[in-house]
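Commentary on secondary and tertiary structure
Each chain is listed here by its residues.
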Amino acid sequence: MDLHGKVAVVTGSGRGLGLAYARALAAAGAAVVVNDVDADAVDAAVDTVTAEGGRAVGVVAAVGGAEAAERLVATAVREFGRLDVLVTNAGILRDRVLWKMTDDDFDAVVDVHLRATFTCARAAAVRMREQGTGGRLILISSPAGQRGNFGQTNYAAAKAGIVAMARTWALELARAGITVNAVVPVAATEMTKTIPAFAPVIEESERTGAPLPDWLRKDEGLGTVDDVAGLVTFLASDAAKDVTGQAIGIGGDRLALWAHPREKAVAFADGGWSADAIAEQWHGGVGAEPETYGIPAPRPREA
C-alpha cells in the first residue's frame, strides 16, 4: 500500500493502538503528526517512527476542544504542507456501573472520545475541503459501542455516537471526496489484559514470545495492535476511495463488516397500536425474536 505524499494526524498515538496506526501509516509512506497528552510518549513515538524510516512530528495536547483540534491540523499543514488522513484514536476509561458513575466520569470519557472526534473531524474536514482533493476520516469505535458493555455507560455511548457520526459525515462529505469510516478494533492492550479470560493468555504470549492461540485470534478476533493497523492503512489509501459510511471490525485473524441498525420485524394495525394490542401481539409477533445485547463472554479453549 503506497501512501507517499499523504499526511496523517493520529490522535492518542503515543502508545498502544494509536502508535501502531502511526507506524503503519508512516511505513506506507505517509508523513504523520503524532499526538498524546504525555510528552515523553510523544517523543518516544516520533523517535520510533523516524528510526523506522518514516517522517513524523509530535504535538502534546489533550484533545476535546476546538483549539487542540485546530492545532493538530495546523501542525500537519505547517510541517508537511497538507492534510489527507485523520485517525481519531485518543481515549480514556472511567468504568463504573450506572448508579456509581459520577458526572465527571461521564463527561471526561464523552469529552475525549466523542467531542474530540467531532472537533478534530470538523477541523480536518474544513482543511480537506479547502484543498479540494478529498481525504479520509477514520474514526475509532469499539465493540462496546456496537453492543453495550457492563460498567461502560460513558464509553459505550461515546463509541456508539462515533459510528453514528461516521454515517452522517459520509453523507455530508461525499461530494468533497472525503470518505468517513468507523473502525471497531479488538487487540491485546492494557485494557483487554484486565479481562480474566484473556489476561493469562496475553501475559504468557508476552513472556514467551509465542503467538496468541487460534481460539483467541479467530473465535474472539483478538490479536496484537499490529494486527489492527492494516485496516487503517487500507482505509487511508486510494484502494478504499469508494469505502465510506461503514463500521468495520478487525482483530487477530478476523475482519468483519458490522450491520447498520435496521428494522428486524414489522407489524401493522389499522388505526394504530394501543398498549393492550401491543401486549397481545408482542411475544408472538414483532418481539418473538428479541435482539441480544452486551459483548458475549469469552469462551477460552485449550490450545
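Heads up: the structure comes first, above all this text.
Below is a short write-up of the structure. (Residues numbered from 1 in each chain as written. Predicted model: local features only at pLDDT ≥ 70, side-chain atom pairs only at ≥ 80, totals over all residues. Heavy atoms only, no water.)

Below, the discussion takes up empty space enclosed by the protein. Summed over the entire model, instances satisfying the criterion amount to 1 cavity of 30 Å³ or more. Of the voids in this model, the largest cavity is the one considered here, and its volume is about 50 Å³. Among the elements that make up the lining of the largest cavity, the one with the highest residue count is helix α4 (residues 103–131) (5 residues). (1 Å grid on protein atoms, 1.4 Å probe; cavity = no way out; pocket = protein on both sides within 12 Å on 5 of 7 lines; lining within 4 Å. Points joined across faces, edges and corners; volume = space filled by probe spheres on them. Helix = DSSP H or I, 4+ residues; strand = E, 2+ residues; numbered from the N terminus.)

This paragraph deals with a nonpolar patch on the surface. There is a patch of nonpolar side chains on the surface, built from W273, I278 and W282 and spanning about 290 Å² of accessible area. Among the structural elements, W282 can be located in helix α10 (residues 275–282). According to the relative accessible area criterion, W282 is partly exposed, its value standing at 39%. (Patch = residues over 30% accessible without salt bridge, like charges linked within 9 Å, V, L, I, M, F, W, Y side chains within 5 Å. Areas by Shrake-Rupley, 256 points an atom, 1.4 Å probe, with all protein chains shown as cover. Salt bridge = Lys/Arg side-chain N within 4 Å of Asp/Glu carboxyl O. Buried < 20%, exposed > 50% of the residue type's maximum accessible area, 1.4 Å probe, protein only.)

The next thing to look at is the pairing of strand β7 (residues 247–251). Of all 5 residues that make up β7, 5 are buried, and the element is covered over most of its length. With burial as the criterion, each face of β7 is covered, one bearing A247, G249 and G251 and the other bearing I248 and I250. The pairing of strand β6 (residues 178–185) with β7 spans 4 bridges and is parallel. Within β7, the position partnered with V183 by the bridge is I248. Strand direction decides the pairing type here: β7 and strand β8 (residues 254–257), joined by 4 bridges, are antiparallel. Along β8, the bridge assignment pairs G249 with A256. Between β7 and β8, which pair antiparallel one after the other, the connecting turn spans 2 residues, and G252 there sits at a positive phi close to 60°. (Pairing = 2+ DSSP bridges.)

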